[in-house]
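Summary of the model geometry
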Amino acid sequence: MEANTMIAMVHKYVEAFEKQDMDIIREIYSQDALVEDPVGTDVHIGIDAVCAFYEGALQSGAKLALSGEPRCSGNAVAFPFQVQMPGIAIDIIDVFEFNAEGKVNSMKAYWSDGNMKSV
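Read on for a plain summary of the structure. From a predicted model like this one, the values you see are computed outputs, not experimental measurements. (Residues numbered from 1 in each chain as written. Predicted model: local features only at pLDDT ≥ 70, side-chain atom pairs only at ≥ 80, totals over all residues. Heavy atoms only, no water.)

1. Examining the overall build of the protein
The helix and strand inventory of the protein stands at three helices and eight strands. From first element to last, N terminus to C terminus, the protein shows the α and β order α-α-β-β-α-β-β-β-β-β-β. Projected onto the principal axes, the alpha-carbon positions of the protein cover approximately 40 × 30 × 30 Å. Long-range contacts, defined here as pairs at least 24 residues apart, represent 45% of the contacts in the protein between residues at least 6 apart. A total of about 6300 Å² of accessible surface is found on the protein, and carbon and sulfur atoms cover 50% of it. Computed over 8 positive and 18 negative side-chain charges, the inter-centroid distance for the protein is 5 Å. (Helix = DSSP H or I, 4+ residues; strand = E, 2+ residues; numbered from the N terminus. Contact = heavy atoms within 4.5 Å. Areas by Shrake-Rupley, 256 points an atom, 1.4 Å probe, with all protein chains shown as cover. Lys, Arg positive; Asp, Glu negative; His and termini not counted. Charge placed at Lys NZ, Arg CZ, Asp CG, Glu CD.)

2. Let's talk about the packing of helix H1 (residues 3-19) against helix H3 (residues 47-59)
Remark: H1 packs on H3, axes separated minimally by 9 Å, with the N-to-C direction vectors making an angle of 55 degrees. The orientation of H1 with respect to H3, classified from their angle, is oblique. Of the residues in H3, those in contact with Tyr-13, Ala-16 and Phe-17 of H1 are Tyr-54, Ala-57 and Leu-58. (Axes fitted to C-alpha atoms, helices over the stretch in contact; angles between N-to-C directions. Parallel < 35°, antiparallel > 145°, perpendicular 65-115°, else oblique.)

3. Points about the nonpolar core
In terms of nonpolar packing, the biggest core is built from 33 residues, with Tyr-13, Phe-17, Ile-25, Tyr-29, Tyr-54, Phe-96 and Met-107 touching the most fellow members. Those elements giving two or more residues to this core turn out to be H1, helix H2 (22-28), strand E1 (29-36), H3, strand E5 (76-85), strand E6 (88-98) and strand E7 (104-110). The biggest single contributor to this core is H1, with seven residues. Not counting residues up to four positions away in its chain, the partners in contact with Phe-17 are Tyr-54, Ala-57, Leu-58, Ala-62, Lys-63 and Leu-64. (Core = buried A, V, L, I, M, F, W, Y, C linked by side-chain atoms within 4.5 Å. Buried < 20%, exposed > 50% of the residue type's maximum accessible area, 1.4 Å probe, protein only.)

4. A few points about the pattern of salt bridges
This model, assessed by the stated rule, comprises three salt bridges. With a shortest N-O distance of 2.6 Å, Lys-19 and Glu-15 are connected by a salt bridge. One end of the pair is Lys-19 and the other is Glu-15, both in helix H1 and four residues apart, which spans about a single turn. Looking at Lys-19, the relative accessible area reads 53%, which means it is exposed. Across the salt bridge formed by Arg-26 and Asp-48, the nearest N and O atoms sit 3.8 Å from each other. Linking Arg-26 in helix H2 with Asp-48 in helix H3, this pair joins segments that are 22 residues apart in sequence. (Salt bridge = Lys/Arg side-chain N within 4 Å of Asp/Glu carboxyl O.)

5. Some words on the side chain of Ser-30
Mapped onto the elements, Ser-30 comes out in strand E1. Only 2.9 Å separates the side chain of Ser-30 from the side chain of Asp-32, close enough to count as a polar contact. A polar side-chain atom of Ser-30 sits 3.3 Å from the main-chain amide nitrogen of Ala-33. Residues within four places of Ser-30 in sequence aside, it is in contact with Ile-47, Asn-99, Lys-103, Val-104 and Asn-105. (Polar contact = N/O pair within 3.5 Å; in protein donor to acceptor, adjacent residues only side chain to side chain.)

The structure is reproduced here in structure tokens:
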């Protein structure tokens, strides 16, 4: 998969939060996608579970801002960003892995309490 295609998907992901648009989430994830956010917690398996997870995130009013350049390797892209919500900010690194159709089939978010701060 081309790096520019994977990076474009990262920007679509940020756009989904900006617009609170579940259609974008459904568009970028595969039917059998896995989401682990943060790593070490329960994994959301399949598009319905993934969308249920994101519905809560979008309804919280969370906004994303990239805090560095995405890095591509093989069929994956890692990208640093900050989630901004009323009164709190969280610094996160997400890793998307893509399937042969160019859909995200795995997302892992790397963050913990130490990455949260009051704003």
